[in-house]
Number of protein chains: 2
Amino acid sequence: MSQSHIMSAFDRDLESIQALVMRMGGLVEAAILDAAEALETRDEEIAQRVRAGDKAIDALEEQINAECARVIAIRAPAASDLRTVLTVMKIAANLERCGDYAKNLAKRSMVLAQMTALPGSTGSIRRMAKQVTLLLKDALDAYIARDARLAEDVRQRDHEVDQMYNALFRELLTHMMEDPRNITPAMHLHFIAKNIERVGDHATAVAEQVIYLVTGQLPGDARPKVDSTTAGGPVA
Amino acid sequence: MSQSHIMSAFDRDLESIQALVMRMGGLVEAAILDAAEALETRDEEIAQRVRAGDKAIDALEEQINAECARVIAIRAPAASDLRTVLTVMKIAANLERCGDYAKNLAKRSMVLAQMTALPGSTGSIRRMAKQVTLLLKDALDAYIARDARLAEDVRQRDHEVDQMYNALFRELLTHMMEDPRNITPAMHLHFIAKNIERVGDHATAVAEQVIYLVTGQLPGDARPKVDSTTAGGPVA
């Protein structure tokens, strides 16, 4: 049996914490997809389930934080192990925020169900939601495998989410210009889209933590941020 | 000289980290106020300064994280001290997000400077900005003084910010309905308002960390969240 197969007490602790992180990731991905479905199908029951489910996500973050503090206290990990534990806490904080966005999406879907539907928009949002959950999944897989290349790939792909958001922003403006009755639903949809785009940013933040963990350095500003709505982009 | 005046090595380390947090808080407060001023006066120079200044805020967060990791590694703090160090890292993360919001506000102020001004709105936003920077300041003061009562006060006052946001949301809807040319600037202003409201949420998060530190428990859901825009509120 080679040395590398002998697990230390610290490794065992870390492994059980990582299992919690993966479970949290799974819940968050499901919440985002379910919320997007609730929005598209105007299904209040699914929306309610997502809203209620956020408590479990928050509880997992608290459990992860408590476990990490316990491991630091009793194992007094060396520098690189300590870095890993602190990274886990940061990843959990990112996932918790994504859970909040899913809850918010579910809430707004219930408001939107009472308003005129804007053709096409909820489909675009569902596609964005699908894309960001894939980014989140890959970022977490990259963490478990300590795979800096996959993490870099996540960073690059967040780009596409930004582009989907920009296209939707323009689409919503058009609806608003066409008919003032579209303004309120379009503003809600715009918020939803922005929040989903932020989930992509959190997936990127997780990916950057992975790169930091593997290489010892946070990536620079290499990844150009493309939100043309703050760059004088879609000006009507 | 009483026992309580003798500082341990850990206390000295913590004190110097707390000084960094307070400096970070000062920079964030100034950034938010400056960005709101840039928006109101259409002053591109101030906006540029805020955008550039975010790097210093990010660097402080990194420095705080590195110092905290160092303290944990070399002092191996006991449970309650460890909790304090982990709280400091969480507070720094909250401040970093607020810095991002200020940067984003500055960016959008430059886009808005090219568009029709909507009467009154930028003044309302400046008042909101003033209010949230006070909340941030009080939350940090509560942290330094371990003052759970002041922290609870911050939580309650975040309410007023939520109400200011709701009023502005309605105001912006009115502008949009009146004239389609107002739609694009109103959407930008709406984002800005939402981001400032989020700064208030981060101040509340800091206050809740203080309560956790002092009482050992996170406050429950006692504080009702009043964002009437997701509660079927201002439906046009």
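Just so it is clear, the model here is predicted, and its values are computed rather than measured.

Participant: Help me understand the packing of helix α1 (residues 9-41) of chain A against helix α4 (residues 121-145) of chain A, please; the structure alone is not making it clear to me.
Facilitator: A pair of packed helices is characterised by two quantities: the angle between their axes and the separation of those axes. Residues and elements named next belong to chain A. Where α1 contacts α4, the two axes come as close as 9 Å, and the packing angle between them is 175°. Here α1 is positioned roughly antiparallel relative to α4, judged by the angle of their axes. In terms of residue class, the contact of α1 with α4 is made up of 15 nonpolar, five polar and six charged.

Participant: Whenever I open this one, the side chain of N195 of chain A confuses me. Can you help?
Facilitator: Within the secondary structure, N195 of chain A is located in helix α6 (residues 183-215). A polar side-chain atom of N195 of chain A sits 3.3 Å from a polar atom in the side chain of R198 of chain B. Once residues lying within four places of it in the same chain are set aside, the contact partners of N195 of chain A are Y101 and N104 of chain A together with R198 of chain B.

Participant: Help me understand the pattern of salt bridges in this model?
Facilitator: A side chain with one charge may pair with a side chain of the opposite charge, provided their charged atoms come close. Summed over the entire model, instances satisfying the criterion amount to 28 salt bridges over all chains. Between D54 of chain A and K103 of chain A there is a salt bridge, with the nearest N and O atoms lying 3.9 Å from each other. One end of the pair, D54 of chain A, is in helix α2 (residues 44-75); the other, K103 of chain A, is in helix α3 (residues 79-112), and 49 residues separate them in sequence. On the accessibility criterion, D54 of chain A (3% relative accessible area) is buried. Ionic pairing is found between E197 of chain B and K194 of chain B, a salt bridge with its closest N-O pair at 3.4 Å.

Participant: When you look at the UniProt feature "domain: PhoU" (unreviewed entry) in chain A in this model, what are you seeing that I'm missing?
Facilitator: UniProt feature "domain: PhoU" (unreviewed entry): in the numbering of this structure it lies at residues 21-108 and 125-210 of chain A. Helix makes up 94% of residues 21-108 of chain A and strand makes up 0%, while its end C-alpha atoms are separated by 27 Å.

Participant: I would appreciate a short explanation of the side chain of E61 of chain B in the present structure.
Facilitator: Position of E61 of chain B among the secondary structure elements: in helix α2 (residues 44-75). The residues contacting E61 of chain B, other than those within four sequence positions of it, are K90 of chain A together with M24, A92, A93 and E96 of chain B.

Participant: Would you mind going over the nonpolar core with me for this structure?
Facilitator: Where a protein is soluble and globular, its nonpolar side chains tend to be buried together. If you look at the biggest cluster of nonpolar residues, it comprises 149 residues, and the most contacted ones within it are I64 of chain A together with I64 of chain B. Among all residues touching I64 of chain A, those that are not within four sequence positions of it are I17, L20, V21, M24, V88 and A92 of chain A.

Participant: Looking at this structure, I do not really get the environment of L172 of chain A. What am I missing?
Facilitator: All names here are of chain A. For L172, the location among the structural elements is in helix α5 (residues 148-178). Between the C-alpha atoms of L172 and I183, which are 11 residues apart in sequence, the distance is 8.6 Å. Apart from the residues lying within four places of it in its own chain, the contact partners of L172 are L118, S121, A186, L189 and H190.

Participant: I would appreciate a short explanation of the environment of V88 of chain A in the present structure.
Facilitator: All names here are of chain A. Within the secondary structure, V88 is located in helix α3. By relative accessible area, V88 is classed as buried at 1%. Sequence separation between V88 and Y143 is 55 residues, and the spatial gap between their C-alpha atoms is 9.2 Å. Discounting chain neighbours no more than four positions away, the residues touching V88 are L14, I17, V21, I64, C68 and Y143.

Analysis parameters
Within any chain, residue numbers begin from 1 and follow the written order of that chain's sequence. Think of it this way: whatever chain is written first is A, whatever ligand is written first is 1, and the rest follow in order. In keeping with the predicted nature of the model, local features appear solely for residues at pLDDT of at least 70, side-chain atom pairs appear and are counted solely at 80 or more, and the whole-chain, interface and lining totals rest on all residues. Hydrogen atoms and water are omitted, and side-chain values are computed over all heavy atoms in the structure. To define axes, lines are fitted to C-alpha atoms, for helices over the stretch in contact only, and angles between the resulting N-to-C directions are given on a 0 to 180 degree scale. What counts as a helix is a DSSP run of H or I of at least four residues, what counts as a strand is a run of E of at least two, and both are numbered from the N terminus. Angles are sorted into four bins: roughly parallel if under 35 degrees, roughly antiparallel if over 145, roughly perpendicular if 65 to 115, and oblique for all others. Residues were grouped as follows: Ala, Val, Leu, Ile, Met, Phe, Trp, Tyr, Cys and Pro as nonpolar; Asp, Glu, Lys and Arg as charged; and all remaining residues, including Gly, as polar. Counted as a polar contact is a pair of N or O atoms within 3.5 Å, where, for protein atoms, one must be capable of donating a hydrogen and the other of accepting one, and residues adjacent in sequence contribute only when both atoms are in side chains. We call two residues in contact whenever any of their non-hydrogen atoms come within 4.5 Å of each other. Should a side-chain nitrogen of Lys or Arg be within 4 Å of a carboxyl oxygen of Asp or Glu, the pair is scored as a salt bridge. Partly exposed residues are those whose accessible area sits between 20% and 50% of the maximum for their type, while under 20% is buried and over 50% is exposed, using a 1.4 Å probe and protein chains only. UniProt positions are given in the numbering used here, feature names are shortened, and annotations may be inferred rather than shown by experiment. Nonpolar core, defined: a set of buried Ala, Val, Leu, Ile, Met, Phe, Trp, Tyr and Cys residues in which side-chain atoms within 4.5 Å join the residues together.

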